[in-house]
Structures are given as C-alpha cells and as structure tokens.
Amino acid sequence: MADIIQLLPDSVANQIAAGEVIQRPASVVKELTENAVDAHADSITVNIKDAGKTLIQIMDNGTGMSETDARLAFERHSTSKIQNADDLFAIKTMGFRGEALASVAAIAHIELKTKQAQQEIGTKIQIEGSELVSQEPTSCSTGTSFAIKNLFYNVPARRKFLKSNTAEFGHIINEFQRIALANPQIEFKLYHNDSEVYILPKSNIRQRVITIFGKKTNQNLIPLETTTSIVTIKGFIGKPENAKKKSGEQFFFINKRYMKNPYLNKAILNAYEQILPPETLPSYFLYLEADPSTIDVNIHPTKTEIKFENQQAIWQILHASVKESLGRNNIVPSIDFDQEQSFDIPVMSKNTKINRPTIELDPTFNPFNDTTFADKGQKSAKHSLEKDNLTNWENLYEGFEKEHNQDNDFSFVSNLDTQSSITENTADENVFHFKNKFILTPVKSGLMIIDQKKAHERILFEKFMHSLQTDTAVTQKSLFPKTIELDAKDHQLLLSLKDEMAALGFDIEDFGRNTIVVNGMPYDTGKQEPEQIIDKFLNQYLSGETDIKRQTKESIAKALARASAISASQPLTTKEMREIIDLLFACEQPNYSPFGKKIVTIIKTEEIEKRF
Ligand code: ADP
Ligand code: MG
C-alpha cells in the first residue's frame, strides 16, 4: 500500500495554530499590544475600526525590528525572547511562544512598518494569509506599527462566529484594560472608529485605576502591600460597601501580566466574608511578583491561567494581607450596619457589683433603670449576643419577607390592595425622616426603615425600563435649548445610546465636534441641570458597565435611575416620603435597588424590646 501520511503545509499548520491563539479581534489586540510592551515602548496607541473587524492598528515607540527580523517575526516559533530551554524557566517576559504573529499572519492581511533607533530608514512588509506580498524600505519613526485588516478573511466559520461590534469591542476593552493596568508607566491610547476611548498618560497604579474606572474609584481604594520570601503583593482592594453585583473589576497581575486565578480569587473573597452585601464582589487590583521559576504560565494557550509552585502558601499570604488591609482601614466595624447595632451588655446577677460600663454605649441607654435587666443576664454573654445580633440582622429581612407575605401585612407585589394596606399602616403622622437619609415608619411587626436614595433608584429604574420597553416616555421640553460640550469618550457613548436615550425621553440633537443640543429631558429626571444628568448618566453607565457587551436596556435604565435619584441627604416633606413609600411598594421589586442593595429593613418589635 502506498504511503499515505503527508506533512501539513505551513500555511495550514499556521491556520490551525491560529485557532488556538486568535479567537477574536481582542486576541490580536492582546498579542500585539503585549509585543509592544515587550519591545520597551513607553507609548502605545491602539486604533480600532468596527470592533477590529475592519482594522486593528497597534503603534509603539519601542525598539523596532531589523529588516531581517521583521520578516522572521512571522515564522512559527520565531521569537527573540527565548534562546534555549533554560530560558523557559527564567523568562521575565511572558507570552513568548513565538506563535502570535505567525497565527495572525495566517488569517489576516498585515502591514508592518518598523524601524530601529539607529536605522535611518525603516522596513515595510505586507503579508496576506502567511504569504509575503512585499517588503520594501519605508520612512517611518522609530518603533513598530502593525495594521491588521480583514481578520479571518480565509476562515469564514470564525468570522461568522464573531459577535456584535459592541460585544467584540467589549472584549477589546477588557484586554486593553488588563495591559494598561499592568503597565501604568506606559502611556496608552485607545481609539474606536476615530473616537477617543481611553487616553491614559504615564502614571502610578492608583492613578491608572482611577483614569480607567472613574474618579469615584479613588475613595474606594484601600492600599495593600506585603513582602515575603516567596511573593510580594501590592496594589489596592475595594471597600466592601462599594462591592458590585457583577465581576469586572477583579484584576490579578503576576510579574506584570494579567492572570486569572480562581484559587487565589477565593482567598480574597474569603477574607471579605460576612462584610459584603449579598451576592456582590469586591474590586481588587493586585500585583504579585514571584520568581519566574516558581510559576508556570504555559498551562493555557492564551496564557492567562497561571500555576504557582507555592499555591497554598500564597493563598494564605494573600488572605492574611487582605484581612489586614481591611482591618487597618477600619472597614470591618464601620461598614457593618448590623454590628453597629450590637453593643456589650455585661452578664449580671443580683449580687454583681455594678460598675460603670467602660465600653462605648449610647449615652441615653441606662441599664440601671431596667428592673428586668438582671434576669436577662444569662442570655447576654458578649459573644453570643454579638453573634446573635449579627445573624439575626442578616436573616431579618428574609424573615420579614416571608412573614409579610404570610401575614399579608403587605406583599411585594404591586397591586392596589397592597398599596392601600400600607397606606393604612402608615398614616401621615407616622412617617419620620432620619438624617435626611432614611424614612422610618411603623409596621405591624416593628419599625420599617427605607433608604430613600435606593428606594428612589428602584422607582425610577422601573419607570425607565417601562419607557424603554414601550417607547412611551414623557419629555419635559426646555424653553431654552441647551448646548453642551462633552468629552470625546462621552460623546461617542452618547451616540451609541441615541435610540435608547430617545426612548427614555431625551430630546437631543448632535451638532458634531463633541457638541450636543438638549431640547428636552425625561420627565422624571427632576430639577437637576441637563448637563449634570447627562454627565452623571454617561459616567454611571460607563463605570457600571465596564463589560460593554452587557450593554442592555437594563444597564441604561440603571444608569439614568442613579443619575436622577434624590441624594442620600435630601430633606423631604412628609408628603414626599409618603409618595416614595407608595411608589416603592408599587414596584415589582421593592426590596432591592437596581444595583442590588437592600432598600428596606424592619427592626422587629421584639428586637427593640430586647434592648430594654
Ligand atoms: P513572542 O512574543 O512569543 O516572541 P510573537 O509572534 O508575538 O512571539 O513575536 C515574534 C517576535 O517578533 C518577537 O519575539 C519580537 O522579537 C518581534 N516583535 C513582535 N512585535 C514587536 C514589536 N512591536 N516591536 C519589536 N519587536 C517585535
Ligand atoms: Mg508575542
């Protein structure tokens, strides 16, 4: 029988390899931007058209390549970063498999311009589907510029598998953010369809985080720094009260590269245990340095999953440092509303000599007046009480929900009956304002406390969702249209949200050059200036939705609800408080704000009585 085994031609082998390395436009952005970092650039510009489907251009001012290297760079296993097998264990740079450029070349049209500092003239190379089309001298500045066009032109199945531009650009933003966070000392720029998306000047880690995730992040960052013989960890962790419902701001870097590490992620979550609002995730930006010979980066083709020789020890170190940072910043006691409620009540019997308590107490609380106090002594051992309180408080709302559904005091369904039953329970004189922040009102089982801002967010969110779904928004026309200049990023975002904003009731004309004219605003946005609302709305939308692929009606309604809601220090009249209560309990989901925060809680009557 004739021999039947054939060696695959290089072009086919490269295409197969490409499938592993290059899954989508974002993979190209990742590989080429990392190459630019490895080439010691201190300024990198990423220019994208149509989410990378039309163009991905990466320009750097790094070392550049010689004429020969420029051509060799596209060969499979061509790399300047490993010389021999030993280097595998001692590399400082990662992502060095010499496959990226060969892979991209196999499935796209590439134009490369590159020049080294000492060269007078640079090289221009064109490659299409692994074939060298041309190589000629060109004049260009020092560094390297790659333009990738027609990605997957010869792999139609891949091209078809690509998601919407918004989704694919979301992936690009993710990769870009990771590299930009890993290298704050480098200037990065990202443009999409000629609009600025990120302009990130050289800075330190904190500044970089803030420029990417917004000024408000600044107050949220708790520094962390630990040095041990096997690993050093530095960076920032987020305050528990600012933890978000979804992932997106959890970043680990190992030796300046982004990594995924579910195992170490657990060490962090574990350290936050019991101080996070339910189902939220804290943000973190943590930079680990470890001897490269103790880590293995090659367990995954795209090299984001990393294994450590000392996994368990690093877990412990990380866990301890997060706990310590949280503690040092005094977060643990201060965020926990529940814990503030618990204070020490000393164990007493009739013959106990009564001393003035040395612990901090509510000055109006006087245990000596309470004759029944001593009898309750056996139940009030410090620890059990604290613990009880904590769990009670955590479970309170669940219990409350159940109880009220049963009792029909009111249920969390919006119907008129429900509303009227609340109305009965909350006669006007029984609504109180506390710290211009909470609305208090007695209910059958105790004292109900409503967070006014979160309640208003919920009310507006459901209204805006309704407007978006039914296109029935009411616009408040302005007598004098307002011209507003936005920054480029906001302008681009606003244009991409044009239809949804119209559905919400915005009446906006685009005047080009980042300028818009506002003729009318959604009825429910209140008395704030259009400029303020639009700015808050876009920022909220951006900071809430770092993962742009989740651009949904929901996130738009959420952002506008937060931008328009009353503040947490807004004085309210009794009538306004009543209105909030009524509207809130007419909502489909009155118990949690659109951002997943608790709106309502009830202190049970027994709970109050127990305190006396
Ligand atoms: P690897 O990064 O694993 O070495 P690549 O295929 O990504 O493999 O790149 C191949 C080689 O091309 C690199 O080792 C480097 O020498 C060269 N190269 C790629 N991009 C650049 C760049 N932006 N500047 C300078 N040299 C580059
Ligand atoms: Mg590379």
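Residues numbered from 1 in each chain as written. Chains lettered and ligands numbered in written order. Predicted model: local features only at pLDDT ≥ 70, side-chain atom pairs only at ≥ 80, totals over all residues. Heavy atoms only, no water.

K.L.:
Which residues make up the overall build of the chain, and what values do they have?
P.N.:
Secondary structure assignment for the chain yields 21 helices and 22 strands. Here the chain, with 612 residues, has 48% of them falling under the buried criterion. The contacts of the chain with a sequence gap of at least 6 include a subset with a gap of at least 24, amounting to 69%. Counting every atom, the chain has about 30800 Å² of accessible surface; 50% of that belongs to carbon and sulfur. (Helix = DSSP H or I, 4+ residues; strand = E, 2+ residues; numbered from the N terminus. Buried < 20%, exposed > 50% of the residue type's maximum accessible area, 1.4 Å probe, protein only. Contact = heavy atoms within 4.5 Å. Areas by Shrake-Rupley, 256 points an atom, 1.4 Å probe, with all protein chains shown as cover.)

K.L.:
Run through the pattern of salt bridges, naming residues and quoting values.
P.N.:
All told, the structure shown has 17 salt bridges when counted by the stated rule. For the salt bridge of lysine 30 with glutamate 34, the shortest nitrogen-to-oxygen distance reads 3.5 Å. With lysine 30 and glutamate 34 both in helix 2 (residues 25-38), this residue pair falls four residues apart, about one helical turn. Judged on exposure class, the residue lysine 30 and its partner glutamate 34 are both buried. The partner of arginine 257 in a salt bridge is aspartate 38, and the shortest N-O contact between them spans 2.5 Å. Here arginine 257 is found in strand 12 (residues 257-259), whereas its partner aspartate 38 is found in helix 2, with 219 residues between them in sequence. In terms of burial, arginine 257 and aspartate 38 fall into one category: buried. Taken together, the shared-partner salt bridges in this structure form one network comprising Lys30, Glu31, Glu34, Asp38 and Arg257. (Salt bridge = Lys/Arg side-chain N within 4 Å of Asp/Glu carboxyl O.)

K.L.:
Account for the packing of helix 2 against helix 7 (residues 165-182), with residues named and values stated.
P.N.:
Relative to each other, helix 2 and helix 7 sit at 20 degrees, their axes nearing to 8 Å. The angle between the axes of helix 2 and helix 7 places the two elements in the roughly parallel class. The interaxial crossing formed by helix 2 with helix 7 has right-handed handedness. Facing Pro25, Ala26, Val29, Lys30, Thr33, Glu34 and Val37 of helix 2, the residues of helix 7 in contact are Glu168, His171, Ile172, Glu175 and Ile179. Considering only residue class, the contact of helix 2 with helix 7 consists of six nonpolar, two polar and four charged. (Axes fitted to C-alpha atoms, helices over the stretch in contact; angles between N-to-C directions. Parallel < 35°, antiparallel > 145°, perpendicular 65-115°, else oblique. Left-handed = near helix turned anticlockwise from the far one by under 90°. Nonpolar A, V, L, I, M, F, W, Y, C, P; charged D, E, K, R; others polar.)

K.L.:
So what's going on with the pairing of strand 4 (residues 122-128)? Residues and values would help.
P.N.:
With respect to burial, strand 4 is a largely interior element, five of its seven residues being buried. Bridge analysis of strand 3 (residues 109-115) against strand 4 gives six bridges, and the strand direction is antiparallel. Note that in strand 4 the partner of threonine 114 across the bridge is threonine 123. One ladder, built from seven bridges, connects strand 4 with strand 5 (residues 131-138); its direction is antiparallel. Within strand 5, the position partnered with glutamine 126 by the bridge is serine 134. Between strand 4 and strand 5, which follow one another and run antiparallel, lie two residues, and glycine 129 among them has a positive phi close to 50 degrees. (Pairing = 2+ DSSP bridges.)

K.L.:
Please give an account of the sheet that holds strand 8 (residues 195-200) that cites residues and values.
P.N.:
Within the open sheet, the eight strands sit side by side as 5-4-3-6-2-1-7-8. Their pairing is mixed. Looking along the sheet, the strands with just one partner apiece sit at the ends: strand 5 and strand 8. Taking the axes of each pair of neighbouring strands and ignoring which way they run, one obtains an average angle of 10 degrees across the sheet. Sheet analysis places strand 1 (residues 43-49) next to strand 2 (residues 55-60), joined by six bridges and oriented antiparallel. By the bridge assignment for strand 2, isoleucine 44 is matched with aspartate 60. Most of the contacts of helix 7 go to strand 7 (residues 187-192), to which it runs at about 175 degrees, and overall it touches strand 1, strand 7 and strand 8. Against the sheet, helix 8 (residues 205-213) makes contact with strand 7 and strand 8, and its axis sits at roughly 165 degrees relative to strand 8, the strand it touches most.

K.L.:
Which residues make up the packing of aromatic side chains, and what values do they have?
P.N.:
Tallied over the entire structure, the rule returns 13 aromatic pairs. With centroids separated by 6.2 Å and ring planes inclined at 75 degrees, the aromatic side chains of phenylalanine 74 and phenylalanine 146 adopt a geometry described as edge-to-face. Separated by 72 residues along the polypeptide, phenylalanine 74 in the loop between helix 3 (67-72) and helix 4 (87-90) and phenylalanine 146 in strand 6 (residues 143-149) bring together distant segments of the chain. Residue phenylalanine 74 shares its accessibility class with phenylalanine 146, and that shared class is buried. Centre to centre, the rings of phenylalanine 213 and phenylalanine 251 are 5.9 Å apart; their planes meet at 50 degrees, and the pair counts as tilted. Here phenylalanine 251 lies in strand 11 (residues 250-254) and phenylalanine 213 lies in helix 8, a separation of 38 residues in the sequence. On the basis of relative accessible area, phenylalanine 213 is assigned to the buried category, the value being 7%. (Phe/Tyr/Trp six-rings, centres within 6.5 Å; stacked < 30°, edge-to-face > 60°.)

K.L.:
Can you tell me about helix 15 (residues 452-470), naming the residues and giving the values?
P.N.:
Under the 1.5 Å per step criterion, the end-to-end length of helix 15 is 27 Å for 19 residues, consistent within 8% with the ideal 27 Å. The N-cap residue of helix 15 is aspartate 451: its side-chain oxygen and the backbone nitrogen of lysine 453 are 3.2 Å apart. Once helix 15 ends, the next one or two residues include aspartate 471, with phi positive near 60 degrees. (Expected span 1.5 Å × (residues − 1). Polar contact = N/O pair within 3.5 Å; in protein donor to acceptor, adjacent residues only side chain to side chain.)

K.L.:
Just give me the short version of the pairing of strand 9 (residues 221-227), but keep the residues and values in it.
P.N.:
Of the strand pairs in this sheet, strand 9 and strand 10 (residues 232-238) are connected by seven bridges, and their pairing is antiparallel. Bridge assignment links isoleucine 222 to a residue of strand 10, and that residue is isoleucine 237. Between the end of strand 9 and the start of strand 10, which pair antiparallel, lie four residues.

K.L.:
Account for a nonpolar patch on the surface, with residues named and values stated.
P.N.:
On the surface, a cluster of nonpolar side chains totalling about 270 Å² of accessible area is made up of Leu8, Val12 and Ile16. With respect to the helices and strands, leucine 8 occurs in the segment before helix 1 (10-21). Owing to a relative accessible area of 54%, leucine 8 belongs among the exposed residues under this scheme. (Patch = residues over 30% accessible without salt bridge, like charges linked within 9 Å, V, L, I, M, F, W, Y side chains within 5 Å.)

K.L.:
Describe in detail the environment of isoleucine 556, supporting the description with residues and values.
P.N.:
Relative to the assigned elements, isoleucine 556 resides in helix 19 (residues 553-564). For isoleucine 556 and methionine 501, which are 55 residues apart along the polypeptide, the C-alpha to C-alpha distance reads 8.4 Å. If we ignore the near neighbours within four places in the chain, the residues touching isoleucine 556 are Leu468, Leu497, Glu500, Leu504, Phe537 and Tyr541.

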